[in-house]
Amino acid sequence: MSYTVGIVGATGAVGKEIKDCLEKRNFPVSQLRIFGSARSAGTTVQTEKYGSVTVELFDRAAARECDVVFLAVSGDFALEHAKALVEGDDGCVVIDNSSAFRYEKDIPLVVPEINGAETKKCKLIANPNCTTAIGLMAIWPLHQLYGLKKIIMSTYQASSGAGQEGMDELQQGTQKWLQGDKVENKIFAHPLPFNVIPQIDKFMDNGYTKEEMKVAWESRKICSLPDDFPVSCSAVRIPTIRAHSEVIIVETEKPVNVEEARRVLAESPGVKLVDDPSQLQYPMPLTATGQYDIEVGRIRKSLIFGDYGLEFFVCGDQLLRGAALNAVLVAEEMANNGSLKAKAKA
Ligand code: 2RA
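Figured I'd write up the structure that's included with this text.

Conventions we followed
Residues numbered from 1 in each chain as written. Predicted model: local features only at pLDDT ≥ 70, side-chain atom pairs only at ≥ 80, totals over all residues. Heavy atoms only, no water. Helix = DSSP H or I, 4+ residues; strand = E, 2+ residues; numbered from the N terminus. Expected span 1.5 Å × (residues − 1). Buried < 20%, exposed > 50% of the residue type's maximum accessible area, 1.4 Å probe, protein only. Pairing = 2+ DSSP bridges. Axes fitted to C-alpha atoms, helices over the stretch in contact; angles between N-to-C directions. Contact = heavy atoms within 4.5 Å. Near = heavy atom within 4 Å. Polar contact = N/O pair within 3.5 Å; in protein donor to acceptor, adjacent residues only side chain to side chain. Areas by Shrake-Rupley, 256 points an atom, 1.4 Å probe, with all protein chains shown as cover.

Quick look at helix H1 (residues 13-24)
Along its 12 residues, H1 runs 17 Å from first to last C-alpha, staying within 8% of the 16 Å computed at 1.5 Å per residue. Within H1, nine of the 12 residues are buried, leaving the element largely enclosed by the surrounding structure. Once H1 ends, the next one or two residues include Asn26, with phi positive near 55°.

Here's the deal with the sheet that holds strand S12 (residues 271-273)
Overall, mixed pairing links the six strands, which are arranged S10-S9-S11-S14-S13-S12 in an open sheet. Each of the sheet's edge strands pairs with one partner strand only, and the pair in question is strand S10 (231-237) and S12. On average, each strand axis in the sheet is tilted by 25° relative to the strand beside it, whichever way the strands run. Sheet topology places strand S11 (residues 243-252) next to strand S14 (residues 306-317); nine bridges connect them, and they run antiparallel. Counterpart to Val247 in the pairing with S14 is Phe313. Relative to the sheet, helix H7 (residues 210-222) contacts strand S9 (148-157) and S10, its axis offset from that of S10 by approximately 140°.

A few points about unusual backbone geometry
It is generally the case that most residues other than glycine have a negative phi and that most peptide bonds are trans. Although it is not a glycine, Asn26 sits at a positive phi angle of roughly 55°. You can see Asn26 is positioned in the loop between H1 and strand S2 (29-36). Looking at Asn26, the relative accessible area reads 54%, which means it is exposed. The backbone phi angle of Asp201 is positive, close to 75°, even though this residue is not glycine. Inspection of the secondary structure puts Asp201 in the loop between helix H6 (163-179) and H7.

A short note on the site of the ligand
As a matter of local geometry, the ligand sits amid Asn129, Cys130, Thr131, Gln157, Gly161, Ile200, Glu211, Arg237 and His244. Contact distances for the ligand include 2.6 Å between a nitrogen atom and a side-chain N or O atom of Glu211. The separation between an oxygen atom of the ligand and a polar side-chain atom of Arg237 is 2.6 Å. Notes on the ligand: free accessible area 240 Å², of which the protein chains cover 83%.

Observations regarding the pairing of S14
A large share of S14 lies buried, amounting to nine of its 12 residues. One ladder, built from six bridges, connects strand S13 (residues 294-302) with S14; its direction is antiparallel. Across the sheet, Val296 pairs through a bridge with Val314, a residue of S14.

Any functional reading would require information beyond the geometric quantities listed.
Dropping the structure here:
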């Protein structure tokens, strides 16, 4: 079976990666349709497999003709259109990369390796925040093994989290800084080159940022943890291009065994164990960039929780596992479990 696939926002950083993932993973596409704003409508997007695709002005009726539509646009756009796209028997499946629906009870928030079966419940699926998706790839197998009691995370997040404009601001700002020129910042709250910024997204009343709260809210929902399960995150922007890094400390119900944890993580889908300190082998943003698997290493017993805790380091490509790849894996899961259907062609 093959599918008519739509992408809204295919010229943005995440949209481009969705197109690439579809091609590289041989997702069965009978037709690729790309929808955009009046500014991009009529331009063409070159693809290896589907030739030159002309961007169509977004139109709900046209998008509904697709079998599955990936939304790689703003939350406001998703709020305005996503539910109308899926509505009725002739609606399409929508996989939304924004945060618009992540916390709605009846809308699945999915990392396929963890809760892929949830995709059977609804035609509108929310893709998680990149930071959560990357961290949970390592956290979930450990939860299966030892049962988690607490998650404490500190992040080192790349400029790609703010899209192509974020990556451009870092690269251009770095050149200016090296030339001794003034570095301007529009996307980030402060100049990012040669700096770290302990703020991602807006501050909430409890003193945490929304990015930090997303990690707590989304981890609980995806892993079916109680609403008061203790998750705490400090999120920091650093001057790297496109892989997020995370220090994660977990407290466990059962005593841990580091060798066992290494073995289980090495065998977990979507995870690459990079953990040989004697050879200076550990996860890094440069090696995780462009990879589908997240890297995990520096695994050790926690000095705080002793036999009942682990501390480790994770890096994952923000645009792939943190966004595009996860979305395409959701579509693959739905194709495999029968919840993505190809419409009869007129
Ligand atoms: C960031 N997590 O890194 C956000 C993007 N979704 O800015």
